[in-house]
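This is what each chain is made of:
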Amino acid sequence: MADQQKIHPVTQDVEAAHPPTVPLMPRNSSKSDNGDPVEHFPPLRRTIPVMHSKPPKRRSCCCRCLCWTLSIVLLLIVIIGVVAGILYLVFRPKLPDYSVDRLRITQFNLSSDSSLSAAFDVTITAKNPNKKIGIYYEGGSHISVWYTGTKLCEGSLPKFYQGHRNTTVLIVPLAGQTQDANGLLTSLQQQQQENGIVPLNLRVKQPVRIKLGKLKLMKVKFWVKCKLDVDSLSANNAISIRNSSCKFRFRL
């Protein structure tokens, strides 16, 4: 009988005969449908820049002072407008009316030194049509008569108070002297002969105070300018006023 063949196990280094396989895909990865590994990356984060708002600018003291000043001025204008409107509705003010009714020449002659002496008496009618407003005519008035830019004579109005709806007639004496008046007298004579009239200008500057009820306001100035056409400038003759028109305005 043949010797039984003894089988002895052969001890081999299994790890050397069959080395461990290296994984084809890294850990923590998955496989796509095509067999390609799909790597997992952290989610992409979008960085949004932070916008810092500018701090509000502080207004300077000058700007604030200017704003306050303008506000106060605007408020004062509104208050003054309201008060003026109330006064107008209560008192219904009307402008006074003036007219030159008569002009009397007491002196108008040329002396030996070529100076012209003139003296007029002017009759002026002043009307106050207001029901609740009085007028104080103050001192410091001035009235003058002119011919083509040359002042012939001057004077002043008297001080007086004109009440409500009052008509006052004033006779104002005027006097003056013009040097080197030969040419002026010749021009007057030619004007009278050619046109039959002599144009004159009468100017009045009168300080007044207005009285509203019992309230006496600040002083203002009345300015009156009248255009007169007279037939002659002969002394001691009846002078006829052909045309007369007056314009009135006032200033503070």
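Residues numbered from 1 in each chain as written. Predicted model: local features only at pLDDT ≥ 70, side-chain atom pairs only at ≥ 80, totals over all residues. Heavy atoms only, no water.

Moving on to the nonpolar core. With 44 residues, the main nonpolar core has Phe108, Phe120, Val122, Leu174, Leu200, Leu202 and Leu233 as its most contacted residues. For this core, the element with the most residues is strand S10 (residues 198–212), which contributes seven residues. (Core = buried A, V, L, I, M, F, W, Y, C linked by side-chain atoms within 4.5 Å. Buried < 20%, exposed > 50% of the residue type's maximum accessible area, 1.4 Å probe, protein only. Helix = DSSP H or I, 4+ residues; strand = E, 2+ residues; numbered from the N terminus.)

Relative to the elements of secondary structure, phenylalanine 120 occurs in strand S4 (residues 116–128). Looking at phenylalanine 120, the relative accessible area reads 1%, which means it is buried. Put simply, phenylalanine 120 and isoleucine 171 are 51 residues apart on the chain and 10.0 Å apart in space, counted from C-alpha to C-alpha. Aside from chain neighbours lying at most four places away, what touches phenylalanine 120 is Leu103, Arg104, Ile105, Thr106, Gln107, Phe108, Val145, Cys153, Val172, Pro173, Leu174 and Leu233. (Contact = heavy atoms within 4.5 Å.)

Listed under "transmembrane region" (unreviewed entry) in the UniProt record, and renumbered for this structure, are residues 68–91. End C-alpha to end C-alpha, residues 68–91 measures 34 Å, and it is 100% helix and 0% strand. (UniProt positions renumbered as here; feature names shortened; annotations may be inferred.)

This brings us to helix H2 (residues 61–91). With 31 residues, H2 should reach 45 Å at 1.5 Å per residue; the first-to-last C-alpha distance of 44 Å fits that figure. Once H2 finishes, arginine 92 follows within two positions and takes phi at roughly 50°, a positive value. (Expected span 1.5 Å × (residues − 1).)

Take the state of the cysteines next. In a disulfide, the sulfur atoms of two cysteines are held together by a covalent bond. Tallied over the full model, the rule gives one disulfide. Across a sulfur-sulfur distance of 2.0 Å, cysteine 226 and cysteine 246 are joined as a disulfide pair. Across the disulfide from cysteine 226 to cysteine 246, rotation about the S-S bond amounts to roughly 110°, and the bridge is consequently right-handed. Placement of cysteine 226 in strand S11 (residues 215–230) and of cysteine 246 in strand S12 (residues 241–251) is noted, with a sequence separation of 20 residues between them. Classification of cysteine 226 as buried rests on a relative accessible area of 2%. Take cysteine 67: it sits in no disulfide, and the sulfur closest to it among the cysteines is that of cysteine 63, at 4.3 Å. (Disulfide = S-S within 2.5 Å.)

Right, let's talk about the pattern of salt bridges for a bit. Counted by the stated rule, this structure contains three salt bridges. Residues glutamate 138 and arginine 209 are paired through a salt bridge, measuring 3.8 Å at the closest nitrogen-oxygen approach. Within this pair, whereas glutamate 138 is found in the loop between strand S5 (133–137) and strand S6 (142–147), its partner arginine 209 is found in strand S10, the two being separated by 71 residues in sequence. Taking the relative accessible area as the measure of exposure, arginine 209 reaches 27% and is therefore partly exposed. Between glutamate 154 and lysine 151 there is a salt bridge, with its nearest N and O atoms 3.0 Å apart. The exposure class of glutamate 154 is partly exposed, given its relative accessible area of 35%. For lysine 151, a relative accessible area of 33% corresponds to the partly exposed category. (Salt bridge = Lys/Arg side-chain N within 4 Å of Asp/Glu carboxyl O.)

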